[in-house]
Amino acid sequence: MALTREEREQFLAEPHVAALAVDSAEEGRAPLTVPIWYQYEPGGDIWIMTERDSRKGRLIGAAGRFSLMVDRVSPTVRYVSVEGPVVATRPATREQLVEISSRYLPAERVEAYVEFAWKEHGEQVVIHMRPQRWLSSDLGET
């Protein structure tokens, strides 16, 4: 059964690891699909953080859009997929790295991770996507 707008937005706002997909724009290659952390609040845009010169970042820049899919298998099988255009790409801030890391890591691990990532992951950008098309369903208990 399809989720209501409120259900799908609330589900997307939970800290799931998303599968990001973007057109590879390369002859003979399938779309790039990779796991990624993301940030979302109901009614707003989604944002992700990636290295400026990563393949993912370059492909998103070329395509001008991407999709995310999140799912779970318990207590019911549920998924939300969202696709839309990129509306902004900006240099990442340390505060944004803290925000997204705090969403996924235990509080006691955030500071050490942020220190490591800020130094070792290269120049990061934050890419904002405006949700435009949604697919969602709750398939019931497994």
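Sequence order as written defines residue numbering, which begins from 1 separately in each chain. Local features are withheld for residues below a pLDDT of 70 in this predicted model, meaning they are given only at 70 or higher, and side-chain atom pairs are given and counted only at 80 or more; totals for whole chains, interfaces and linings count all residues. To get the side-chain values, all heavy atoms of the structure are used, and hydrogens and water are removed first.

Chemist: How would you summarise the overall build of the protein if you had to cite specific residues and measurements?
Modeler: Helix and strand assignments come from DSSP, with helices taken as H or I runs of at least 4 residues and strands as E runs of at least 2, each series counted from the N terminus. Per the secondary structure count, the protein includes four helices and eight strands. For the radius of gyration, the atom set is restricted to C-alpha positions; the globular benchmark scales as 2.2 Å times the number of residues to the power 0.38. Radius of gyration (C-alpha) of the protein: 16 Å, near the 14 Å computed for a compact globule of 142 residues. Residue contacts are counted whenever heavy atoms from the two residues lie within 4.5 Å of one another. Considering only residue pairs separated by 6 or more positions, the protein has 72% of its internal contacts joining residues 24 or more positions apart. Method for areas: the Shrake-Rupley scheme with a 1.4 Å probe, in which residue coverage is limited to the protein chains shown. Summing over all exposed atoms, the protein offers an accessible surface of approximately 8100 Å²; the carbon and sulfur share of this is 51%. Under this rule, positive means Lys or Arg and negative means Asp or Glu; His and the chain ends count for nothing. Positions of charges follow a simple convention, taking NZ of Lys, CZ of Arg, CG of Asp or CD of Glu. Seen as two clouds, the 17 positive and the 22 negative side-chain charges of the protein have centres 3 Å apart.

Chemist: So, the pattern of salt bridges: which residues are in play, and what are the values?
Modeler: Salt bridge, as used here: a side-chain nitrogen of Lys or Arg that lies within 4 Å of a carboxyl oxygen of Asp or Glu. As enumerated under the stated definition, the model contains 11 salt bridges in all. With a shortest N-O distance of 3.3 Å, R29 and E26 are connected by a salt bridge. In this structure, the salt-bridge partner of E123 is R52, at a minimum N-O distance of 3.1 Å. Within this pair, whereas E123 is found in the loop between helix 4 (107-120) and strand 7 (124-129), its partner R52 is found in the loop between strand 4 (46-51) and helix 2 (55-63), the two being separated by 71 residues in sequence. Since its relative accessible area comes to 33%, R52 is described here as partly exposed. What emerges from the salt-bridge pattern is a single network uniting E26, R29 and R55. Only protein chains enter the area calculation, which uses a 1.4 Å probe; residues under 20% of their type maximum are buried, those over 50% are exposed, and those in between are partly exposed.

Chemist: Give a description of the side chain of S24 that names residues and reports values.
Modeler: Of note, S24 is situated in the loop between strand 1 (18-22) and strand 2 (32-36). Judged by its relative accessible area of 1%, S24 is buried. In terms of polar contacts, S24 uses its side chain to reach the backbone carbonyl oxygen of A30, at 3.2 Å. If we skip the residues at most four places from it in the chain, S24 touches R29, A30, P31, L32, R55 and L59. We call two N or O atoms a polar contact when they sit within 3.5 Å, provided that within protein one can donate a hydrogen and the other can accept it, with sequence-adjacent residues counted only if both atoms are side-chain atoms.

Chemist: Break down the packing of aromatic side chains for me, with residues and values.
Modeler: Pairing of aromatic side chains requires ring centres within 6.5 Å, counting the rings of Phe and Tyr and the six-membered ring of Trp. Pairs whose planes differ by under 30 degrees are stacked, by over 60 edge-to-face, and all others tilted. As enumerated under the stated definition, the model contains three aromatic pairs in all. Considering the side-chain rings of W37 and Y104, the 4.9 Å spacing of their centres and the 10° angle between planes classify their relative orientation as stacked. Placement of W37 in the loop between strand 2 and strand 3 (39-40) and of Y104 in helix 3 (residues 94-104) is noted, with a sequence separation of 67 residues between them. Exposure remark for W37: the relative accessible area of 26% places this residue in the partly exposed category. Between W37 and Y113, the aromatic rings sit 5.6 Å apart at their centres with planes inclined by 55°, giving tilted as the arrangement. Remark: Y113 occurs in helix 4 and W37 occurs in the loop between strand 2 and strand 3; sequence separation between them is 76 residues. Grouping aromatic residues by their ring pairs yields a cluster made of W37, Y104 and Y113.

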